[in-house]
Amino acid sequence: MLLDNLMEAKLLGIIGDGNMGWQIATLSALRGYKVFIVGRKEKKNAFIRKSARLFGIVNQQLDIEFTNDIKKIIQFPLIIETINEDLNNKKNILEYLNINSPSSVICTNTSSLNPEDLIINKNKTCMLHFMNPVSSLKFVELAYYKEFQENDLLVKKYIKDIEFEYIQIKPIGGLIANRVLFSYLNVAERLVVNGIEEELTDKVFSLLFGSKINTKKIKKLIGDEVFKKIMENLKSQNVIPN
């Protein structure tokens, strides 16, 4: 397929049927993509309902197909990996795609891992980080090595199709958004140890910057397990202090 045909195909494979996987799938289907989402079907219905609620969907049929067979998407022009923030698990997926999807462009939605440790093939893999909730935070962070340059048109076409803004930066662990967000959440946690409640820290933040923040709500939205894993990953890279 020529690049023009690939860009018009509007076929998207998503690996990972968790919270972010279903939100990205829902958004992409709403913007006209045929989406195949690969996963284990755990909490599938709950995530579908949550995504529908976030995007305000009522009785609308979307072109999303669920499968547990990764082979169904290996010839898709664009694949987004959204599994948990575990280096070995993500690396296994990227290694498989590197071997079995030679013509695909691969995006990892990692929000905390060091790309030097994660990205195996710099020619065909980029970082494309969506924020949660996808329905209201309408931007992505895009990062890649210079070897990926020839493939960035396909990714930027996808971003345009879903009507998002992209912030392009160099590939670093945590990119910008999570370095900023988790630095604040880390401060809030450390102050709790000193007897200062999160609500008070949030109030001071709001007074300083004129923008409200709710630490408890943010942590609940991220999910306890994901929150702990991202914090652990960022601390291991000295992105935020222990």
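Anything mentioned here points back to the structure above.
Residues numbered from 1 in each chain as written. Predicted model: local features only at pLDDT ≥ 70, side-chain atom pairs only at ≥ 80, totals over all residues. Heavy atoms only, no water.

(A) A look at the packing of helix 8 (residues 198-209) against helix 9 (residues 215-222). Between helix 8 and helix 9, whose axes approach to 8 Å, the crossing angle comes to 110 degrees. One element, helix 8, and the other, helix 9, form an angle in the roughly perpendicular class. Listed contacts from helix 9 to Glu198, Glu199 and Asp202 of helix 8 are Thr215, Lys216 and Lys219. (Axes fitted to C-alpha atoms, helices over the stretch in contact; angles between N-to-C directions. Helix = DSSP H or I, 4+ residues; strand = E, 2+ residues; numbered from the N terminus. Parallel < 35°, antiparallel > 145°, perpendicular 65-115°, else oblique. Contact = heavy atoms within 4.5 Å.)

(B) Representation of the pairing of strand 8 (residues 165-169) in the model. As defined by bridge partners, strand 7 (residues 139-143) adjoins strand 8 across five bridges and the pair is classed as parallel. Note that in strand 8 the partner of valine 140 across the bridge is tyrosine 166. Traced from strand 7 through helix 6 (residues 152-161) to strand 8, the parallel crossover comes out right-handed. (Pairing = 2+ DSSP bridges. Right-handed = clockwise from strand over helix to strand, strands pointing away.)

(C) Region of interest: unusual backbone geometry. Going from asparagine 132 to proline 133, the amide bond is cis rather than trans, its omega being 5 degrees. Positioned with a positive phi, leucine 175 is a non-glycine residue whose angle comes to about 50 degrees. By the element assignment, leucine 175 lies in the loop between strand 8 and helix 7 (177-193). Residue leucine 175 is classed as buried on the basis of its relative accessible area of 1%. One non-glycine residue, asparagine 238, lies in positive phi territory at about 60 degrees. (Buried < 20%, exposed > 50% of the residue type's maximum accessible area, 1.4 Å probe, protein only.)

(D) Region of the structure containing the side chain of glutamate 198. Here glutamate 198 is to be found in helix 8. Among the residues examined, glutamate 198 registers a relative accessible area of 9% and is labelled buried.

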